[in-house]
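Next come the chains, spelled out residue by residue.
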Amino acid sequence: MGPEKLIQYLIFYLRDGVDLGCISLLRMCQKRVKMKKLVKSSNKDEVNKMTPSDQQQLKAHLKAVAEILYRNTDPTELKSFESIEKSVRQKMLEEVGPELGSFFFQQYQELKQENPEK
C-alpha cells in the first residue's frame, strides 16, 4: 500500500473531523468567543468555501504529509485494511491533529486580540 492510499485516508479523516483533539479545541474556542460576532454573516459563505486553487494546494500538501508519514510507518502496519486504518488514525491523533489544533488556536487568539468582546 503506497502513499496514495494514505492520502485518501488523511483526506477522509480531515474532512469528516475524526480528530477529536481538534474538535474539542475548536469547541472550547467557540464557547469563549461567539464566532458569529467575529465573522459578518454576509461574508460567512465566502469564508466556508474552499477555492479550487486552495483545494489543489491542500491536496498537494496532504500528499507530502502522507509520504512523510508513510516513510515513517512500520511495514507491518501496512498489511491489511484494518492495520492501515489503525495506523492512520494513530498518526492523525499523534502528529496531524495537534498541529492543526495548535494552528487553529493560534489563529483564534489573534482574532480574539483584534476583536475583543465588549
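Just above sits the structure.
We now turn to the structure provided with this report. (Residues numbered from 1 in each chain as written. Predicted model: local features only at pLDDT ≥ 70, side-chain atom pairs only at ≥ 80, totals over all residues. Heavy atoms only, no water.)

1. Examining the nonpolar core
If you look at the biggest cluster of nonpolar residues, it comprises six residues: Leu69, Leu78, Ile84, Val88, Met92 and Val96. In terms of residue count, helix H6 (residues 81-114) provides more of this core than any other element does, four residues in total. (Core = buried A, V, L, I, M, F, W, Y, C linked by side-chain atoms within 4.5 Å. Buried < 20%, exposed > 50% of the residue type's maximum accessible area, 1.4 Å probe, protein only. Helix = DSSP H or I, 4+ residues; strand = E, 2+ residues; numbered from the N terminus.)

2. Quick notes on H6
Helix length check: H6 (34 residues) gives 46 Å between terminal C-alpha atoms against 50 Å at 1.5 Å per residue, within 8%. Of all the bends in H6, the largest measures some 45° and sits at Met92. (Expected span 1.5 Å × (residues − 1). Bend = angle between axes of the 7 residues up to and from the residue.)

3. Re the environment of Met92
Relative to the helices and strands, Met92 resides in helix H6. Between the alpha carbons of Met92 and Leu69 there is a distance of 9.8 Å; along the sequence they are 23 residues apart.

4. Structural notes on the pattern of salt bridges
By the definition in use, this model includes two salt bridges. Of the charged contacts in the structure, one is a salt bridge between Lys86 and Glu82, with a shortest N-O distance of 3.2 Å. Taken together, the positions of Lys86 and Glu82, both in helix H6 and four residues apart, correspond to about one turn of that helix. The residues Lys86 and Glu82 share a single accessibility class, namely exposed. For the salt bridge of Arg89 with Glu85, the shortest nitrogen-to-oxygen distance reads 3.6 Å. Taken as a pair, Arg89 and Glu85 lie in helix H6 at a separation of four residues, close to a single helical turn. On the accessibility criterion, Glu85 (26% relative accessible area) is partly exposed. (Salt bridge = Lys/Arg side-chain N within 4 Å of Asp/Glu carboxyl O.)

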